[in-house]
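Descriptive analysis of the structure
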Amino acid sequence: MRSTGFRRTFVALSICSLVLTASACGSDDDSGSGKTRITVNCMPPKSAKVDRAFFEEDVAAFEKQNPDIDVVAHDAFPCQDPKTFDAKLAGGQMEDVFYTYFTDARHVVDIDQAADLTPYVKELKSYDTIQQQLRDVYTVDGKVYGIPRTGYSMGLIYNRALFEKAGLDPDRPPATWDELRAAAKKIAALGDGTVGYADYSAQNQGGWHFTAELYSQGGDVVSDDGKKATVDTPEGRAVLQNLHEMRWTDDSMGSKQLLVINDVQQMMGSGKLGMYLSAPDNIPILVKEKGGAYQDLALAPMPGGQGTLIGGDGYMFNKKASPAEIRAGLKWLDHMFLTPGDGFLGDYARAKKSDAPVGLPEPRLFTGAADTKDQQVKKANANVPVENYQAFLDGNQDLDMKIEPPHAQQIYSVLDGAVSAVLTKKDVDIDGLLKDASAKIDGILARG
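So, here's what we can say about the structure. (Residues numbered from 1 in each chain as written. Predicted model: local features only at pLDDT ≥ 70, side-chain atom pairs only at ≥ 80, totals over all residues. Heavy atoms only, no water.)

We now examine the packing of aromatic side chains. Under the counting rule described, the total for this entry stands at 13 aromatic pairs. For the pair Phe102 and Tyr138, a centre-to-centre distance of 5.9 Å together with 85° between the ring planes defines the contact as edge-to-face. Taken as a pair, Phe102 in the loop between strand 3 (97-101) and helix 3 (105-110) and Tyr138 in the loop between helix 4 (132-137) and strand 4 (139-140) lie far apart in primary sequence, 36 residues in all. One exposure class covers both Phe102 and Tyr138, and it is buried. Aromatic pair Tyr315 and Phe337: ring centres 5.7 Å apart, planes at 15°, arrangement stacked. Residue Tyr315 is located in strand 11 (residues 307-317), and its partner Phe337 is located in the loop between helix 11 (323-336) and helix 12 (343-346); the two are separated by 22 residues in the primary sequence. With respect to burial, Tyr315 and Phe337 carry one shared label: buried. Taken together, the ring pairs connect Phe55, Tyr99, Tyr101, Tyr315, Trp332, Phe337 and Phe344 into an aromatic cluster. (Phe/Tyr/Trp six-rings, centres within 6.5 Å; stacked < 30°, edge-to-face > 60°. Helix = DSSP H or I, 4+ residues; strand = E, 2+ residues; numbered from the N terminus. Buried < 20%, exposed > 50% of the residue type's maximum accessible area, 1.4 Å probe, protein only.)

Quick look at the structure:
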């Protein structure tokens, strides 16, 4: 799955959902003017006027600094459409530099559609400053096949106002699932339709959150070798048992179930929900679209203290790209996305002038001096209550950061059934659910 929320003013779009075009995308070194021509995708659509203008402004600045490179950007919605992605790859229609979710990186390599960037990556000035765990997503058998652009990790969004009203300390969010359960019960006791904790349980989103909750308890969905399911475990049982008890024993999750992300965001934005799991980029959506207020919304690390699910996106290169195109594309990535405190994602002063949220704790791409610079510029231009997110930043330092499982969407579909069952059937057989889910996931993994 992916986190939702476009990173600037057009919050209705996903940061991971911005663009592929249906036109032919390959290019040659020679554009007819002695320049190296590269095609790229994931340009914001025309409907995202501010972001579109920023993107075009940054491309123009890059071309001025590199007069020997011609950048041809393509836009559409979304950036990567699962319905057309493989067909574009197989048909040779993919751009020279193309957008991917983290979960698709290995697949693109496995079907031999990615250029090996290993001989060129040393020319990417920012590469060594990017978090190692994000670089590893695009590294297969020691070879580099892509460059991360953003990363996110799951946490717990909570309503500070409801915490105070329920007699809870908003500066001490739940650190364990037992503490979350107790807090949810107190919030639900406020009445008037208030829900303590909400979770997704449809459209594969329940399976996504099951995975995040399993990681938080130290469990995993599949074995290290990717061949067997590992959900029928004490950790998997704890996830479902906790949801079942909050739903049926505590009555802290409300009676309406089979929720998806928009349902839960509506509840939080209206002030009727205490807590739910999400990444930081949900916060602007809750404010700009759902009626919430920045001062009421805070973020904590995943309860459980063991791990958190991470995701994000990056760029890979067409296997047919020439050395000149690869070098030009790497320069473009450095300029657009990978310069701390600058570029399309990092020009916080420009974002602030456009009334976009500045100061959210993620994406946090860099390490060391690069991260320090990026955070300094962000802090200097912050227009949201950064203190509300400090617990998330501090707590994430101790968590195991884990990417989504292979064949994520198929597995999430299976786990959706388990989550929806415990939230809609009081007398459900949890052991049976886990056994059945494990067998189905084994089948998915066996088919490759």
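Having seen it, we continue.
Right, let's get into the sheet that holds strand 10 (residues 297-301). In space, the four strands of this open sheet follow the order 8-9-7-10, with mixed pairing throughout. Two strands close off the open sheet at either side, each with one partner strand: strand 8 (195-197) and strand 10. Going from strand to strand, the sheet's axes swing by 25° on average, the running direction of each strand aside. As paired strands, strand 8 and strand 9 (residues 273-278) are joined by two bridges and run parallel to one another. Its bridge partner lying in strand 9, Val195 is registered against Leu273. (Pairing = 2+ DSSP bridges. Axes fitted to C-alpha atoms, helices over the stretch in contact; angles between N-to-C directions.)

The next subject is the pairing of strand 1 (residues 36-40). Along strand 1, four of the five residues are buried, which leaves the element largely enclosed by surrounding structure. In this structure, strand 1 lies alongside strand 2 (residues 69-73), joined through five bridges in parallel fashion. Within strand 2, the position partnered with Ile38 by the bridge is Val71. This β-α-β element, strand 1 to helix 1 (residues 49-65) to strand 2, shows right-handed connectivity. (Right-handed = clockwise from strand over helix to strand, strands pointing away.)

As a further point, take the packing of helix 16 (residues 408-424) against helix 17 (residues 430-447). For the pair helix 16 and helix 17, the least separation of the axes is 9 Å and the interaxial angle reads 175°. The angle between helix 16 and helix 17 places the two elements in the roughly antiparallel class. Across the interface between the two elements, Gln410, Ile411, Val414, Leu415, Ala418, Ala421 and Val422 from helix 16 touch Ile430, Leu433, Ala437, Lys440, Ile441, Ile444, Leu445 and Arg447 from helix 17. Looking at side-chain class alone, the contact of helix 16 with helix 17 contains 12 nonpolar, one polar and two charged residues. (Parallel < 35°, antiparallel > 145°, perpendicular 65-115°, else oblique. Contact = heavy atoms within 4.5 Å. Nonpolar A, V, L, I, M, F, W, Y, C, P; charged D, E, K, R; others polar.)

One pass over the structure, following the stated rule, counts one disulfide. Sulfur-sulfur distance for the disulfide between Cys42 and Cys79 comes to 2.0 Å. Measuring the twist about the S-S bond at about 70°, one finds the Cys42-Cys79 disulfide to be right-handed. Of this pair, Cys42 sits in the loop between strand 1 and helix 1 while Cys79 sits in the loop between strand 2 and helix 2 (85-90), and the two are 37 residues apart along the sequence. Here Cys42 matches Cys79 in class, with each residue buried. (Disulfide = S-S within 2.5 Å.)

For Asn318, the location among the structural elements is in the loop between strand 11 and helix 11. In this structure Asn318 comes out as buried when scored by relative accessible area, which is 9%. There is a polar contact of 2.9 Å between the side chain of Asn318 and the backbone nitrogen of Lys320. Ignoring anything within four residues of it in the chain, the contact list for Asn318 reads Met94, Glu95, Asp96, Phe98, Gln113 and Ala115. (Polar contact = N/O pair within 3.5 Å; in protein donor to acceptor, adjacent residues only side chain to side chain.)

Take unusual backbone geometry next. At the junction of Glu362 and Pro363, the peptide bond is cis and its omega measures out at 5° in the coordinates. Following the sequence through the fold, Pro363 ends up in the loop between helix 13 (348-353) and helix 14 (368-380). Its identity as a non-glycine residue notwithstanding, Asp141 has a phi of 50°, on the positive side. Secondary-structure assignment places Asp141 in the loop between strand 4 and strand 5 (143-144).

Our next topic: the packing of helix 7 (residues 205-216) against helix 16. Put simply, helix 7 and helix 16 touch, their axes get as near as 6 Å, and they point 85° apart. With respect to helix 16, the element helix 7 is oriented roughly perpendicular. Contacts from Gln205, Gly206, Gly207, Trp208, Phe210 and Thr211 of helix 7 reach helix 16 at Tyr412, Leu415, Asp416 and Val419.

This part takes up the pattern of salt bridges. Counting across every chain of the model gives 21 salt bridges. The salt bridge partner of Arg52 is Asp75, with a shortest N-O separation of 2.4 Å. With Arg52 in helix 1 and Asp75 in the loop between strand 2 and helix 2, the pair connects residues that are 23 residues apart, well separated along the chain. Overall, Asp75 belongs to the partly exposed group, its relative accessible area being 24%. (Salt bridge = Lys/Arg side-chain N within 4 Å of Asp/Glu carboxyl O.)

Before going further, it helps to examine the nonpolar core. Of all hydrophobic cores here, the largest spans 75 residues; its most connected members are Tyr197, Phe210, Val221, Leu240, Leu243, Met275 and Ile441. A total of 10 residues in this core trace back to one element, the largest contributor, which is helix 16. Judged by nonpolar contacts, the second largest core, of 55 residues, contains Leu89, Val109, Tyr127 and Trp332. (Core = buried A, V, L, I, M, F, W, Y, C linked by side-chain atoms within 4.5 Å.)

Spacing of three or four residues puts side chains on the same side of an α-helix, whose turn is 3.6 residues. For helix 17, built from 18 residues, the straight-helix expectation of 26 Å at 1.5 Å per residue is met to within 8% by its first-to-last C-alpha distance of 26 Å. All buried positions along helix 17 are accounted for by Ile430, Leu433, Leu434, Ala437, Ser438, Ile441, Asp442, Ile444 and Leu445. End-on, the buried residues of helix 17 take up no more than an arc of 165°, which puts them together on one face. Away from its buried face by more than 90 degrees, helix 17 exposes Lys435, Ala446 and Arg447. For helix 17, the secondary structure elements touched by its buried residues are helix 7, helix 8 (234-249) and helix 16. Capping the start of helix 17 is the job of one residue whose side-chain oxygen sits 3.3 Å from the backbone nitrogen of Asp431: Asp429. After helix 17 finishes, the residue Gly448 shows a positive phi value of roughly 75°. (Expected span 1.5 Å × (residues − 1). Arc of directions from axis to C-beta.)

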